[in-house]
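Residues per chain are reported as follows:
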Amino acid sequence: MNTTEPSEPSEAMASSLGVKAGKGLPAERRSDRNRNVRDLRERGSVGGDHLTACAGPGRTQEGSAIIEFLALAVLLLIPAVWFLLAVAQIQSALYAATGAADQAARIYVTSEAAPERAAQHSQHAVETTLADYGINPAQAQITHSCTTDCQNPGDMVRYQVEIRVPLPLVPEFGGWEHSLVTVTASSTALQGE
């Protein structure tokens, strides 16, 4: 082992100590600094084994970066995935409400059956459309209105479908029904056209 003290520490070691090598320090302070650097080298706190020496005897920090990365990823990914699921459910409900209202109004005005039977056909069309989008018909409220009796040519037949979108990944229990948003769509068709 070389026992001679280096006259000047390397630029990298000096910058890690916060001073420029050999500049602005009296000779006795430079020798104290050189002694401190040599002591740190002997203990292993400077150089490649810096993390092992700082962790203490028998303790290493291998693998801690992976654990930190996984913990941070889980904390960030869970809210992001939940948000994407919520947006997807809202978009699906909006498409389903629009399609269901449009189909119900069209089927009602094109039906040759009695008004009660035409209303049943429209109700079935709404339920089928909602099922195509994966929405439970119990989540929907359907409103049907007309300008007069819905049978005269020129009457306006209006269907409105309102869908309650539940919170994603949150189960409903008891009588409690949670809701993220409620989407509404309506469609109007002219009787006799």
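How each quantity is defined
Residues numbered from 1 in each chain as written. Predicted model: local features only at pLDDT ≥ 70, side-chain atom pairs only at ≥ 80, totals over all residues. Heavy atoms only, no water. Pairing = 2+ DSSP bridges. Helix = DSSP H or I, 4+ residues; strand = E, 2+ residues; numbered from the N terminus. Axes fitted to C-alpha atoms, helices over the stretch in contact; angles between N-to-C directions. Contact = heavy atoms within 4.5 Å. Buried < 20%, exposed > 50% of the residue type's maximum accessible area, 1.4 Å probe, protein only. Polar contact = N/O pair within 3.5 Å; in protein donor to acceptor, adjacent residues only side chain to side chain. Core = buried A, V, L, I, M, F, W, Y, C linked by side-chain atoms within 4.5 Å. Parallel < 35°, antiparallel > 145°, perpendicular 65-115°, else oblique. Left-handed = near helix turned anticlockwise from the far one by under 90°. Nonpolar A, V, L, I, M, F, W, Y, C, P; charged D, E, K, R; others polar.

1. Some thoughts on the sheet that holds strand 1 (residues 140–146)
Next, step 1: Taking strand neighbours across the sheet as the criterion, the 3 strands line up as 1-2-3 in an open arrangement whose pairing is antiparallel. In this open sheet, the two strands that pair with only one neighbour each are strand 1 and strand 3 (181–190). When the angles between neighbouring strand axes are averaged without regard to direction, this sheet yields 15°.
Next, step 2: In the sheet, strand 2 (residues 156–165) pairs with strand 3 via 10 bridges, with the strands oriented antiparallel. The residue of strand 3 that forms the bridge with V161 is A185.
Next, step 3: Set on the sheet, helix 4 (residues 64–110) makes contact with strand 1, strand 2 and strand 3; between it and strand 2 the angle comes to about 155°.

2. Some remarks on the environment of S187
Next, step 1: When you line up the elements, S187 lands in strand 3.
Next, step 2: By relative accessible area, which is 12% here, S187 ends up buried.
Next, step 3: If we skip the residues at most four places from it in the chain, S187 touches A101, D102, A105, V157, R158 and Y159.
Next, step 4: At 3.3 Å, the side chain of S187 forms a polar contact with the side chain of D102.

3. So, the nonpolar core
Next, step 1: By size, the foremost hydrophobic cluster in this structure holds 23 residues, and its most contacted members are A93, Y108, L130, I135, Y159, V161 and I163.
Next, step 2: Sorting the residues of this core by element identifies helix 4, helix 5 (115–132), strand 2 and strand 3 as the ones contributing at least two each.
Next, step 3: Per-element accounting of this core gives the leading share, 9 residues, to helix 4.
Next, step 4: Apart from the residues lying within four places of it in its own chain, the contact partners of V161 are A97, A100, A101, A140, Q141, V183, T184 and A185.

4. Quick look at the packing of helix 4 against helix 5
Next, step 1: Contact pair helix 4 / helix 5: the axes reach a minimum separation of 8 Å and the direction vectors enclose 155°. With respect to helix 5, the element helix 4 is oriented roughly antiparallel. Note that helix 4 runs across helix 5; the crossing there is right-handed. Touching A96, G99, A100, Q103, A104, I107 and Y108 of helix 4 are P115, A118, A119, H121, S122, A125, V126, T129 and L130, all from helix 5.
Next, step 2: Looking at side-chain class alone, the contact of helix 4 with helix 5 contains 11 nonpolar, 5 polar and no charged residues.

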